[in-house]
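Architecture and fold: a report
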Amino acid sequence: MGGNGKIRRWRISFHRSSSSAKKEPPQEFLCPISKSLMFDPAVVSSGETFERVCVRVCRDLGFTPTLADGSRPDFSTVIPNLALKTAILNWCSKTGSERPHPPVYSEVESIVRALMGSSDSPKIRVSERELLKAVAQTPPVFSHAATELNPRNLYSSSSSEESVVANATPLLPFATRPSCFSYSSSPSTSSEFVSEEASSANVSSTSSGEDENFVTRMRNLDVYEQEQAVILLRKTTRTNEEARAALCSERLLFALKQLLRSRYSAVQTNATAALVNLSLEKANKIKIVRAGIVPLLIDILRNGFEESREHAAGALFSLALEDENKTAIGVLGALQPLLHELRSGTRRSRHDAALALYHLTLVQSNRVKTIKLGAAGILLGLLKDAELAARVLLVVCNLASCDEGRAALLDVNAVETLVAALRNGSESDSESTRENCVAALHSLSHGSLRFKGLARDAGAVDVLRNVVETGSKRAREKAGRILEVLRGPEEAAEVDWEAVMKDGPRHRFGRSYGRTRPSFELDKKEFVAIDFIEHVK
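Rules used throughout
- Residues numbered from 1 in each chain as written.
- Predicted model: local features only at pLDDT ≥ 70, side-chain atom pairs only at ≥ 80, totals over all residues.
- Heavy atoms only, no water.
- UniProt positions renumbered as here; feature names shortened; annotations may be inferred.
- Helix = DSSP H or I, 4+ residues; strand = E, 2+ residues; numbered from the N terminus.
- Buried < 20%, exposed > 50% of the residue type's maximum accessible area, 1.4 Å probe, protein only.
- Contact = heavy atoms within 4.5 Å.
- Areas by Shrake-Rupley, 256 points an atom, 1.4 Å probe, with all protein chains shown as cover.
- Axes fitted to C-alpha atoms, helices over the stretch in contact; angles between N-to-C directions.
- Parallel < 35°, antiparallel > 145°, perpendicular 65-115°, else oblique.
- Left-handed = near helix turned anticlockwise from the far one by under 90°.
- Nonpolar A, V, L, I, M, F, W, Y, C, P; charged D, E, K, R; others polar.
- Pairing = 2+ DSSP bridges.
- Salt bridge = Lys/Arg side-chain N within 4 Å of Asp/Glu carboxyl O.
- Phe/Tyr/Trp six-rings, centres within 6.5 Å; stacked < 30°, edge-to-face > 60°.

Under an unreviewed UniProt entry, the chain has the name RING-type E3 ubiquitin transferase and belongs to Sesamum radiatum. Among the UniProt annotations of the chain, the heading Pathway (unreviewed entry) holds the following wording: "Protein modification; protein ubiquitination." Annotation of the chain in UniProt includes, under Function (unreviewed entry), the sentence "Functions as an E3 ubiquitin ligase."

Shown next, in the form of structure tokens:
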């Protein structure tokens with residue numbers, strides 16, 4: 001009987017184990033798209049968690065599902081959800097359930113296409129995977145594209161410009177349009193085949209928000225059709241603000257993403273330039289970042305054609321003007337490529353890279369990242385370039401506004417470099433360069449005991465006095481404040497130290513300052529100086 005009891009107990013134990021294996025997993029362990037236990041859960045920008053392959057398929061197909069609560073997720077950024085993955089594996093171990101297997105791309109694609117059909121999405125995404133395969137087989141051999149655009153003076157005054165603030169200082173005039181942007185019609189590799197009549201006709205057709213023609217042609221596997229489509233899009237959005245707003249749809253951005261990967265110079269260059277035009281519309285800036293285009297712009301900065309890199313730097317500058325984009329662009333890894341472009345790019349790309357870095361480093365998290373990339377020494381080295389110095393100094397001002405930035409800049413002799421730039425500046429240097437140089441010194445002077453000694457060693461007092469006499473109003477104000485910071489040591493230097501040191505021993509043997517102090521009043525800083533001298537005697 002005992003034996004039978006043991007047999008029953010084993011059967012009962014086995015029965016419980018098998019019933020546990022059939023237990024339904026918690027809802028949060030299931031992917032909202034595939035409805036299955038997640039193998040590789042990933043958090044997207046909007047906060048939801050999906051199976052990573054499901055996100056990849058949705059992005060490849062340009063599809064954004066509508067969730068049960070009516071919301072639509074943002075797939076622009078994907079981060080592994082390691083905590084949830086661990087929880088799923090622990091649940092499988094405890095319940096005896098089978099661990100999830102890696103999902104098959106084709107099976108997930110079938111599920112997503114079924115969802116696309118049920119949601120009445122436009123069925124224009126038939127050949128995008130073939131297009132991706134066609135343009136992404138091997139790394140491209142890049143060359144300069146022939147779509148020259150006229151440079152634009154960022155300091156010129158126009159209605160399209162606005163002032164930007166550096167460290168809450170008086171406003172500095174900088175354009176809010178990239179250098180690569182131009183209102184003049186620019187030639188491109190085959191743009192001569194796009195007639196002006198076709199361009200103007202398309203402008204009028206976009207007033208109602210129609211983007212079908214562009215999307216269809218951009219998705220065509222014929223490279224010539226792709227090229228003509230992006231050239232026309234570039235022309236259409238160059239001057240027409242209504243067209244920019246109407247055309248910047250989710251499906252057009254998805255089609256444009258595929259052409260940013262193109263190995264054909266004219267296609268990639270015109271696609272990037274068209275994106276710059278679209279980004280000029282304020283309402284489009286967040287939309288473009290959320291469409292996942294920033295990583296493609298970063299890839300172009302690293303490996304793209306020369307003119308494509310110019311437009312990519314301009315696009316990042318334009319997108320960085322929107323406060324909500326600043327952190328995301330930094331997180332996605334744009335800072336290092338922008339720093340590299342600032343050092344080795346063309347004149348236009350360097351100007352736009354500098355202004356992109358300026359706007360990005362208005363955010364503390366980006367300032368810290370930039371410092372960790374070794375930007376302090378790089379930026380100071382670029383001050384020798386008179387044409388670029390004013391913009392570089394804007395970035396230096398931002399970095400100097402945080403503790404990490406001040407420490408890093410002081411470590412690479414920023415005070416000496418900035419004072420030398422002021423002392424040796426030529427008449428050709430712009431007034432803004434001089435102002436920004438003084439502003440950077442002013443930022444470095446905040447809460448730093450090291451600054452005073454470094455400034456005295458660099459001979460900053462005489463240079464700053466000269467600025468107070470001859471500089472602009474803003475430069476004079478900043479220089480005066482720095483001199484106030486340095487005033488204590490100067491006044492201490494005017495004290496009759498021979499008399500002080502002569503009387504010092506009597507003080508040390510018990511006499512009070514009341515019997516030995518000079519006839520004039522000493523301030524607190526001078527007492528500190530006297531105590532220091534007595535200590536080292």
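A few points about the overall build of the chain
For the chain, the count of helices and strands is 29 helices and five strands. Put simply, the chain has 537 residues, and 50% of those count as buried. Long-range contacts, defined as pairs at least 24 residues apart, comprise 72% of the intrachain contacts of the chain with a sequence gap of at least 6. Carbon and sulfur atoms make up 53% of the accessible area of the chain, which totals about 26,000 Å².

Structural notes on the packing of helix α22 (residues 414-424) against helix α23 (residues 431-444)
The interhelical angle for the contact between α22 and α23, taken along N-to-C directions, is 155°, at an axis separation of 10 Å. It follows that α22 is roughly antiparallel to α23 by the angle criterion. Note on packing geometry: the crossing formed by α22 with α23 is left-handed. The residues of α23 that touch α22, namely those facing A414, V415, L418, V419, A421 and L422, are R434, C437, V438, A440, L441 and L444. Class assignment of the residues belonging to the contact of α22 with α23 gives a composition of 11 nonpolar, no polar and one charged.

Comments concerning helix α2 (residues 52-61)
Counting buried positions over the 10 residues of α2 gives seven, a clear majority of the element. By the burial criterion, the buried members of α2 are V53, C54, V55, V57, C58, D60 and L61. A positive backbone phi angle near 65° is found at G62, which sits one or two residues after α2.

Digging into unusual backbone geometry
In this model, K35 sits at a positive phi of 60°, which is unusual for a non-glycine residue. Locating K35 in the fold gives a position in the loop between α1 (2-21) and β1 (41-44). Owing to a relative accessible area of 58%, K35 belongs among the exposed residues under this scheme. The phi dihedral of N413 falls on the positive side, at around 60°, and the residue is not glycine. Tracing the sequence through the fold places N413 in the loop between α21 (403-411) and α22. When its relative accessible area of 42% is taken as the criterion, N413 is described as partly exposed.

A look at the sheet that holds β1
Pairing within the open sheet is antiparallel, and its three strands lie in the order β2-β1-β3. A single partner strand is all that each edge strand has here, and the edge strands are β2 (49-51) and β3 (78-80). Going from strand to strand, the sheet's axes swing by 45° on average, the running direction of each strand aside. Across three bridges, the pairing between β1 and β2 is antiparallel. Residue V43 lies in a different strand from β2, and its bridge partner there is T49.

Considerations on the pattern of salt bridges
One pass over the structure, following the stated rule, counts 13 salt bridges. If you follow the salt bridges from partner to partner, you end up with D211, E212 and R251 in one network.

Remarks on the side chain of N284
By secondary structure assignment, the location of N284 is in helix α12 (residues 282-290). A relative accessible area of 1% places N284 in the buried class. Sequence-distant contacts of N284, that is, excluding residues within four places in its chain, are made with R244, A245, C248 and L278.

A short note on the packing of aromatic side chains
For any pair of aromatic rings, the description consists of the separation of the ring centres together with the inter-plane angle of the planes. Inspection of the entire model under this criterion finds two aromatic pairs. For the pair F29 and W91, a centre-to-centre distance of 6.3 Å together with 75° between the ring planes defines the contact as edge-to-face. You can see F29 sitting in the loop between α1 and β1 and its partner W91 sitting in helix α3 (residues 82-95), a full 62 residues away along the chain. Residues F29 and W91 agree in their burial class; the two are buried.

Some points on the packing of helix α14 (residues 306-320) against helix α17 (residues 347-360)
Direction vectors running N to C along α14 and α17 enclose 25°, while the axes themselves pass 8 Å from each other. One way to sum up the angle between α14 and α17 is to call them roughly parallel. Viewed along their axes, α14 and α17 form a crossing whose handedness is left-handed. Counted together, R309, E310, A313, G314, L316, F317 and A320 of α14 and R348, S349, D352, A353, L355, A356, H359 and L360 of α17 form the full contact between these two elements. For the contact of α14 with α17, the class distribution of residues is eight nonpolar, three polar and four charged.

A closer look at the environment of L297
Position of L297 among the secondary structure elements: in helix α13 (residues 294-303). When its relative accessible area of 0% is taken as the criterion, L297 is described as buried. Sequence separation between L297 and A315 is 18 residues; the distance between their C-alpha atoms is 7.9 Å. With near-sequence residues (within four places) excluded, L297 lies in contact with T272, L275, A312, A315, L316 and L319.

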